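Listed below are the residues making up each chain.
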Amino acid sequence: MAFQITKEMLVGSLMPVVVYWVYGGLYTMLGYTCNNYRLHPKEDEDNKNFASKQTVIRGVLFQQFRQFIATNLLYMLTRGNDAGASSGQSTSLFVIARQFIVAMFVFDTYQYFVHRYLHQNKFLYKHLHSKHHRLVVSYPFGAIYSHPVEGLLFDIIGGTLAIFVSGMSPMTSAFFSSFCNMKSVDDHCGLILPGNPFHFFFTNNTAYHDLHHQLYGGKYNFSQPFFSIWDKVCGTYMPYELEKREEGGFKLRPVKECKN
Ligand SMILES: [Zn+2]
Ligand SMILES: [Zn+2]
């Protein structure tokens, strides 16, 4: 009975996958039509990156398959973890908001230090994290393209830790994972669209993370996916400005000189 896959588990583990591709698909379509809001010319997605789009799509689908298995195993092992979170008829919005904030902070803290270490340790960078950095010009569905071990470290262990510490129910954690996926897709979408609520609420956003993907930005802006606190506390924040490109769209200009 304890190892039974329920409808709730299936919905919970598939929701983040659907959100990733729907939100990513929307941005992919906008990327063709919104040239005046792009951070890089469209053709640079093929010319400047070190992985083809087919390779990236295949890698992301495998990563999502592994996440699907891990999420369902986690659900099976932690049935009842929702005690206190969903023990009543419904969890109050206040409790859900508190759980989201705790989970965001835990996830961000974990990701900052792991991410920074993956850059500092040359062996780990070469064999793990450099795969994500094959995308110098990032695009929406490349958001979680990474080495399988990195996917395990970042998303599966980090996400599990955030969900466990915040005490989320399986259904709340499905919404949280979907929200994380939306934020990651947004950070890699390559578009600075007016009215984007993520850009309004988070200083860590598309331009912030795009700087990290540039060859000059690999030692800066490690924070992801929500806040920029740890970069500012630890001195790895690289401020930047957005300039208009002559042919339309924007480009990043670091305000300080980057030390490589
Ligand atoms: Zn990185
Ligand atoms: Zn990235």
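Residues numbered from 1 in each chain as written. Chains lettered and ligands numbered in written order. Predicted model: local features only at pLDDT ≥ 70, side-chain atom pairs only at ≥ 80, totals over all residues.

For the rest of this paragraph, the subject is helix α7 (residues 170-187). Between its terminal C-alpha atoms α7 stretches 25 Å, which fits the 26 Å expected from 18 residues at 1.5 Å a residue. Extensive coverage of α7 is indicated by the burial of 13 of its 18 residues. (Helix = DSSP H or I, 4+ residues; strand = E, 2+ residues; numbered from the N terminus. Expected span 1.5 Å × (residues − 1). Buried ≥ 20, exposed ≤ 12 C-beta atoms within 10 Å, placed from the backbone.)

Turning to the packing of helix α3 (residues 53-77) against helix α6 (residues 148-166), a few remarks are in order. For any two helices packed against each other, the geometry is given by the interaxial angle and the distance between the axes. It is the contact of α3 with α6, at a shortest axis distance of 11 Å, that shows an interaxial angle of 35°. As for the relative orientation of α3 and α6, their crossing is right-handed in sense. Taken together, the residues of α6 that come into contact with α3 (itself represented by Gln63, Arg66, Gln67, Ala70 and Leu74) are Pro148, Gly151, Asp155, Ile156 and Thr160. Among the residues making up the contact of α3 with α6, the classes are represented as four nonpolar, four polar and two charged. (Axes fitted to C-alpha atoms, helices over the stretch in contact; angles between N-to-C directions. Left-handed = near helix turned anticlockwise from the far one by under 90°. Contact = placed C-beta atoms within 7 Å. Nonpolar A, V, L, I, M, F, W, Y, C, P; charged D, E, K, R; others polar.)

Our next topic: helix α4 (residues 93-120). The end-to-end C-alpha distance of α4, which contains 28 residues, comes to 40 Å, matching closely the 40 Å that a straight helix rising 1.5 Å per residue would cover. Restricting attention to buried positions, one finds in α4 the residues Ile96, Gln99, Ala103, Phe107, Asp108, Gln111, Tyr112, His115 and Leu118. Where α4 is buried, its residues contact α5 (122-127), α6, α7 and α10 (229-234).

In this structure, Val185, Ala207 and Leu211 are the most contacted members of the largest nonpolar core, which totals 26 residues. Counting only elements with at least two residues in this core, the list comes to α1 (7-33), α3, α9 (206-213) and β2 (250-254). Dropping the residues within four chain positions of it, Ala207 is found in contact with Leu39, Ile192, Tyr240, Leu242 and Leu252. Ranked by size, the runner-up nonpolar core spans seven residues in total, among them Ala162, Ile163, Phe176 and Cys180. (Core = buried A, V, L, I, M, F, W, Y, C linked by C-beta atoms within 7 Å.)

Time to look at the environment of Leu124. Structurally, the position occupied by Leu124 is in helix α5. For the pair formed by Leu124 and Pro239, sequence separation is 115 residues and the distance between their alpha carbons is 27 Å. Filtering out sequence-adjacent residues up to four positions away, Leu124 remains in contact with Leu118 and His129.

Moving on to the packing of α1 against α3. Two elements in contact, α1 and α3, have axes whose closest approach is 10 Å; the angle formed by their N-to-C orientations is 150°. Classified by the angle between their axes, α1 and α3 sit roughly antiparallel to one another. Seen from above, α1 lies across α3 with right-handed handedness. Residues Met9, Gly12, Ser13 and Val17 of α1 touch α3, and the partners they reach there are Gln64, Phe68, Thr71, Asn72 and Tyr75. Classifying every residue of the contact of α1 with α3 gives four nonpolar, five polar and no charged. (Parallel < 35°, antiparallel > 145°, perpendicular 65-115°, else oblique.)

Take the environment of Cys189 next. Along the polypeptide, Cys189 turns up in the loop between α7 and α8 (197-201). Considered as a pair, Cys189 and Phe202 are 13 residues apart in the sequence and their alpha carbons are 15 Å apart. Cys189 has contacts with Tyr27, Pro140 and Thr206, leaving out every residue within four places of it along the chain.

Residue position: Val185 is located in helix α7. Each C-alpha atom of the pair Val185 and Pro140 lies 4.9 Å from the other, and the pair is 45 residues apart in sequence. Each residue touching Val185, except ones within four places of it in the same chain, is listed here: Tyr20, Tyr23, Gly24, Tyr27, Pro140 and Ala143.

Any residue range with low pLDDT should be treated as having predicted coordinates unsuitable for detailed reading. Residues of the protein with pLDDT of at least 70 account for 92%, and the chain-wide mean is 91. Under a pLDDT of 50 for its full length, residues 83-89 has, in the predicted model, ten contacts with residues more than four places off or in other chains. (pLDDT = per-residue confidence, 0-100.)

Sheet analysis places strand β1 (residues 240-244) next to β2, joined by five bridges and oriented antiparallel. Each residue of the ladder has a partner; that of Glu243, found in β2, is Lys251. Hairpin remark: β1 followed by β2, antiparallel, with five residues in the connecting loop; positive phi at Gly248, about 105°. (Pairing = 2+ DSSP bridges.)

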